[in-house]
Amino acid sequence: MKRILTLILALAMALGLSVPALSVTSAEAIASAQFLYSLDLFRGVGDNEDGSPNFDLDRVPSRAEAVTMLVRLLGAENKATAENRDCPFTDVPPWAQPYVGYAYINGLTNGVGGNLFGTTNPVTPAQYLTFVLRALGYEDGTDFKWSSPWTLTDRLGITDGTYRSGTTFLRGDAAVVSESALFALKKGTSMTLLEILAAAGAFRDCTAVIWDYSSTEMEQGYASFLFYPVKGSPATFQSFKLDRVTVNGLGCQTFQVNNTKDVATYLASIGRDAGGFGYVEVTYNYEKVLAAARETYTDSQGNTFPLIGFTFTYTATQQDGSKIKGSFTDYYYFDTRD
């Protein structure tokens, strides 16, 4: 069994916003912006009438805005504003100088020539992806070409083939790319950007639970999944209950353990040493599920496989008693040639 599509970081939010079509989907952009906002790594441009942040996701950001987003993504806004370093550009307004100065001093951005930063120029996909790759320790000219950074970001899983020359890059795109970058490894390390930020105390005051999951066993007709906080997550769940599990839309039988203590006890009883706040075993009719498949995956050799999608609907209770509801789907396929 192979995993084909991973929905990392399922942090559910009550989303009542809508935006026009983006290079990414509106749902992706909103979810990414909300998640980054919950970690104080992304800001809106004001508030909506209901008091929620207005992320303005359907607008192309300027280069100055893009660099500001980058500095916030790195958890460096306080440091940048405290230092407020001078930058060698004559077209940077006072509000942007701390961010542009920080990015310039740290080798994350350059100007456009003639002592100009190009503050009001619309940022391009190549520019923002280059900013992100530099922040992850990659060097243009050595690791990638600044004119086509998507070659590397696609390989790293930060992007998925969406961006090329001439692609419009909106604030929604910046949010999605930024979220994906959090789960990329810093060059030369075994730590993701998210883990590095967590270790540095960037999320000390955050109550959001940053979590992931993995399949611990996968057979035809049976699967088990462990849900756990990402290393360094600032909070965790008291309980994590799966309200419903379906496999390609069909019902199944489940056995689940719903809190940290019981998960540890149960896993130890079956000879596994792993922590987590939720664990589930799923038993299903493989033939019926395969027949119900509506999605397929084609590998690089042209072989096509029906996908098996596990859809989880959950209710999670955080340490402060607040509840989070949501759902997500994880896709796998069996390659019987292996």
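Fair warning: this is a prediction, and the values are worked out from it, not measured in the lab. (Residues numbered from 1 in each chain as written. Predicted model: local features only at pLDDT ≥ 70, side-chain atom pairs only at ≥ 80, totals over all residues. Heavy atoms only, no water.)

*Asks:* What's the story with the sheet that holds strand E5 (residues 253-257) in this structure? I'm lost.
*Replies:* Note on sheets: strands pair through backbone hydrogen bonds, and any given pair is parallel or antiparallel. Taken in spatial order, the 4 strands of this open sheet run E2-E3-E6-E5, and their pairing is antiparallel. The open sheet has two edge strands, strand E2 (211-219) and E5, and neither has a second partner. Averaged over all neighbouring strand pairs, the angle between strand axes comes to 15°, with direction disregarded. As paired strands, E5 and strand E6 (residues 278-283) are joined by 5 bridges and run antiparallel to one another. Paired with Gln256 across the two strands is Val280, which belongs to E6. (Pairing = 2+ DSSP bridges. Helix = DSSP H or I, 4+ residues; strand = E, 2+ residues; numbered from the N terminus. Axes fitted to C-alpha atoms, helices over the stretch in contact; angles between N-to-C directions.)

*Asks:* I keep staring at the pattern of salt bridges and nothing clicks. Help me out?
*Replies:* When charged atoms on two side chains of opposite charge get close, those side chains can pair. If you walk through the whole model with that rule in mind, you get 12 salt bridges. Glu65 is the partner of Arg171 in a salt bridge, and the nearest nitrogen-oxygen pair spans 3.6 Å. Highlighted residues: Arg171 in helix H7 (residues 171-182) and Glu65 in helix H2 (residues 63-73), separated in sequence by 106 residues. Of the two residues, Arg171 and Glu65, both sit in the buried class. Lys241 is paired through a salt bridge with Asp243; the nearest N and O atoms lie 3.4 Å apart. A residue is classified by how much of its surface remains accessible, and Asp243, at 39% relative accessible area, is partly exposed. Residues joined by salt bridges that share partners form a network here, namely Asp40, Arg43, Arg72 and Glu77. (Salt bridge = Lys/Arg side-chain N within 4 Å of Asp/Glu carboxyl O. Buried < 20%, exposed > 50% of the residue type's maximum accessible area, 1.4 Å probe, protein only.)

*Asks:* What is the right way to look at the nonpolar core in this model?
*Replies:* Side chains of nonpolar character tend, in soluble globular proteins, to be buried together. Residues Tyr128, Leu182 and Phe203 are the most contacted members of the largest nonpolar core, which totals 61 residues. Of all the elements in the fold, those that place two or more residues in this core are helix H1 (26-38), H2, helix H4 (97-105), helix H5 (125-135), helix H6 (150-156), H7 and helix H8 (193-199). Ignoring anything within four residues of it in the chain, the contact list for Leu182 reads Phe35, Leu36, Leu41, Leu73, Thr192, Leu193, Leu194 and Leu197. Counting residues in each nonpolar core, the second largest holds 28 residues, with Phe225, Ala235, Phe310 and Ala316 among its members. (Core = buried A, V, L, I, M, F, W, Y, C linked by side-chain atoms within 4.5 Å. Contact = heavy atoms within 4.5 Å.)

*Asks:* What am I meant to see in the packing of aromatic side chains here?
*Replies:* Aromatic ring pairs are reported here in terms of the distance separating the ring centres and the angle at which the planes meet. Going through the model one piece at a time under the given rule, you end up with 28 aromatic pairs. Centre to centre, the rings of Tyr37 and Phe55 are 5.6 Å apart; their planes meet at 70°, and the pair counts as edge-to-face. Of this pair, Tyr37 sits in helix H1 while Phe55 sits in the loop between H1 and H2; the two residues are 18 residues apart in sequence, bridging distant segments of the chain. Residue Phe55 is classed as buried on the basis of its relative accessible area, which comes to 2%. Note on Phe89 and Phe117: the rings are 5.4 Å apart at their centroids and 45° apart in plane angle, and the pair reads as tilted. Of this pair, Phe89 sits in the loop between helix H3 (77-83) and H4 while Phe117 is found in the loop between H4 and H5, placing the two residues 28 residues apart along the sequence. Both residues of the pair, Phe89 and Phe117, count as buried. The ring of Phe117 is capped by Arg63, whose NZ or CZ atom sits 4.4 Å from the centre of that ring. (Phe/Tyr/Trp six-rings, centres within 6.5 Å; stacked < 30°, edge-to-face > 60°. Lys NZ or Arg CZ within 6 Å of the ring centre and 35° of its normal.)

*Asks:* I would appreciate a short explanation of the packing of H1 against H7 in the present structure.
*Replies:* Relative orientation and spacing of two packed helices are given, respectively, by the angle between their axes and the distance between those axes. One way to put it is that H1 packs onto H7 with a least axis distance of 8 Å and a crossing angle of 60°. By the angle between their axes, H1 is oblique relative to H7. Where H1 crosses over H7, the handedness of that crossing is left-handed. Here H1 contributes Glu28, Ala29, Ser32, Ala33, Phe35 and Leu36 to the contact with H7, which in turn contributes Gly172, Ala175, Val176, Ser178, Glu179 and Leu182. Here the residues of the contact of H1 with H7 sort into 7 nonpolar, 3 polar and 2 charged. (Parallel < 35°, antiparallel > 145°, perpendicular 65-115°, else oblique. Left-handed = near helix turned anticlockwise from the far one by under 90°. Nonpolar A, V, L, I, M, F, W, Y, C, P; charged D, E, K, R; others polar.)

Any functional reading would require information beyond the geometric quantities listed.
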